[in-house]
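Fold and contact review
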Amino acid sequence: FDKLAGLDSVPYWYGVPEHLESLGHIVCVGEVDPFNDSTDRGMQLLEQAQACAAASGHAKVNIIAHSQGGLDARVVAHEAPELVASVTTVATPHHGTPIADIALGLTPNASAAALVDWLVQTLGAPIWDEVGNETSLYEALYQMSQPGITEFNATYTDAPGVLYTSVTGRTGLSDGGDACQPTSPPPPLLISAFNDTLDTTDTLFLIPEAILSDGILSQEPNDALVRVIDSRWGEFLGCVPADHLDEVGQLLGDSPGLGNDWNHLDFYADLVAYLRDRGV
């Protein structure tokens, strides 16, 4: 999105488009229905990608997408592979998320009521008030549930000739362990430089992070909304010390946490440079 929760004063990708443009890159920011399934959102993004390519004079676009936006991007690449050079996803629930299953009542969980309240109060209400009946929180959650994502992955398969890479965040003072190991070592410097940096969980995310971690003994690494194992797709590059909002510089460009000097602007600049080195 261009704006977080529809607020003009809060750009979703905080400072990222401007930073990349200052480095000489052509940047278009997508704007899709905040809460809907990625089949609908993907077709909206496809039209915008076509317009971006036409305006820039280039035949193809590289899509960098955060969260559910990564599913939208995969729809675009599947439907129009001739338009897409690469799809890079950041913390996208490619294999669903237990958050959706619990919220929809598909998985029994003692914290279900608290989670649903958190979703509505933290995510649902601000955006729902903005777009009214044009959006569907249920459809978005269903597609990220196990039955929904199974259907999605069977329908929107990867397109030949498109480079798919993924990266995600880890919080809760987790180093990620084996789950964060890249599929093609060694990982890019933009990832490996922060292997020893840990991220503290923001107060906003204490409930979902605790649920995703699955208990003190398990400690399933996650970014407080998406587990690492669910975000791996294509060539997995690894994990950065950031929660789901830190990954896009929110809120309002604040620090990701005490003792954590990871910087989202440097990350996206390095990520684009990495893609350029890959020839896309």
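Residues numbered from 1 in each chain as written. Predicted model: local features only at pLDDT ≥ 70, side-chain atom pairs only at ≥ 80, totals over all residues. Heavy atoms only, no water.

1. Points about the packing of aromatic side chains
Summed over all chains, the structure comprises five aromatic pairs. Relative to tyrosine 268, the ring of phenylalanine 267 has its centre 4.9 Å away and its plane inclined at 75°; by these criteria the two rings are edge-to-face. For phenylalanine 267, a relative accessible area of 3% corresponds to the buried category. Above the plane of the ring of tryptophan 233 lies arginine 74, whose end atom (NZ or CZ) is 3.8 Å from the centre. (Phe/Tyr/Trp six-rings, centres within 6.5 Å; stacked < 30°, edge-to-face > 60°. Buried < 20%, exposed > 50% of the residue type's maximum accessible area, 1.4 Å probe, protein only. Lys NZ or Arg CZ within 6 Å of the ring centre and 35° of its normal.)

2. Quick look at the packing of helix α2 (residues 38-56) against helix α3 (residues 69-79)
Interaxial distance between α2 and α3 falls to 8 Å at its minimum, and their mutual angle equals 65°. You can see that α2 and α3 cross each other, and the crossing is right-handed. Residues Ser38, Arg41, Gly42, Met43, Leu45, Leu46 and Ala49 of α2 lie in contact with α3, whose contacting residues are Gly69, Leu71, Asp72, Ala73, Val75, Val76 and Glu79. Split by residue class, the contact of α2 with α3 holds eight nonpolar, three polar and three charged. (Axes fitted to C-alpha atoms, helices over the stretch in contact; angles between N-to-C directions. Helix = DSSP H or I, 4+ residues; strand = E, 2+ residues; numbered from the N terminus. Left-handed = near helix turned anticlockwise from the far one by under 90°. Contact = heavy atoms within 4.5 Å. Nonpolar A, V, L, I, M, F, W, Y, C, P; charged D, E, K, R; others polar.)

3. A short note on the nonpolar core
Ranked by internal contacts, the top residues of the largest apolar core, which has 23 residues, are Trp13, Val167, Ile191, Val240, Trp262, Phe267 and Tyr268. Those elements that provide at least two residues to this core are α1 (16-22), β3 (163-169), α8 (189-192), β4 (235-240) and α11 (264-277). In terms of residue count, α11 provides more of this core than any other element does, seven residues in total. Dropping the residues within four chain positions of it, valine 167 is found in contact with Thr89, Val90, Ala91, Ile191, Phe236, Gly238, Val240 and Phe267. If you look at the next biggest cluster of nonpolar residues, it comprises 20 residues, including Ala49, Ala65, Val87 and Tyr164. (Core = buried A, V, L, I, M, F, W, Y, C linked by side-chain atoms within 4.5 Å.)

4. Comments concerning the state of the cysteines
Evaluated as defined, the whole model comprises two disulfides. What pairs with cysteine 28 in a disulfide is cysteine 52, and their sulfur atoms sit 2.1 Å apart. Disulfide cysteine 28-cysteine 52: the torsion about the S-S bond is 85°, which places it as right-handed. Taken as a pair, cysteine 28 in the loop between α1 and α2 and cysteine 52 in helix α2 lie far apart in primary sequence, 24 residues in all. Judged by its relative accessible area of 13%, cysteine 52 is buried. With a sulfur-sulfur separation of 2.0 Å, cysteine 180 is cross-linked through a disulfide to cysteine 239. Classification of the bridge connecting cysteine 180 and cysteine 239 rests on its S-S torsion, roughly -95°, and on that basis the disulfide is left-handed. Of the two residues, cysteine 180 is situated in the loop between β3 and α8 and cysteine 239 in strand β4; the sequence distance between them amounts to 59 residues. (Disulfide = S-S within 2.5 Å.)

5. Details of the sheet that holds β3
Read from one edge to the other, the open sheet built from four strands follows the order β1-β2-β3-β4, with strand pairing classed as parallel. If you trace the sheet from one side to the other, it starts and ends with β1 (61-66) and β4, each paired once. Each strand of the sheet is rotated relative to its neighbour by a mean of 15°, with strand direction disregarded. The sheet contact formed by strand β2 (residues 84-90) and β3 spans five bridges and is parallel. Each bridged residue has a counterpart across the sheet, and for serine 86 the counterpart in β3 is leucine 163. In the packing of α11 onto the sheet, the strands contacted are β1, β2, β3 and β4, and the crossing angle to β1 comes to about 145°. (Pairing = 2+ DSSP bridges.)

6. What about α2?
Across its 19 residues, α2 extends 25 Å between first and last C-alpha, which sits within 8% of the 27 Å expected from 1.5 Å per residue. Among the residues of α2, the N-terminal cap falls to aspartate 37, whose side-chain oxygen and the backbone nitrogen of threonine 39 are separated by 3.1 Å. With its phi angle positive at about 80°, glycine 57 sits one or two positions after the end of α2. (Expected span 1.5 Å × (residues − 1). Polar contact = N/O pair within 3.5 Å; in protein donor to acceptor, adjacent residues only side chain to side chain.)

7. Here's the deal with the pattern of salt bridges
Tallied over the full model, the rule gives three salt bridges. When the shortest N-O distance is used, the salt bridge between aspartate 72 and arginine 41 registers 2.7 Å. Of this pair, aspartate 72 sits in helix α3 while arginine 41 is found in helix α2, placing the two residues 31 residues apart along the sequence. For arginine 41, a relative accessible area of 3% translates into the label buried. Close ionic contact of aspartate 230 with arginine 227 constitutes a salt bridge, the shortest N to O distance being 2.8 Å. A residue is classified by how much of its surface remains accessible, and aspartate 230, at 5% relative accessible area, is buried. (Salt bridge = Lys/Arg side-chain N within 4 Å of Asp/Glu carboxyl O.)

These figures come from the coordinates and say nothing about function on their own.
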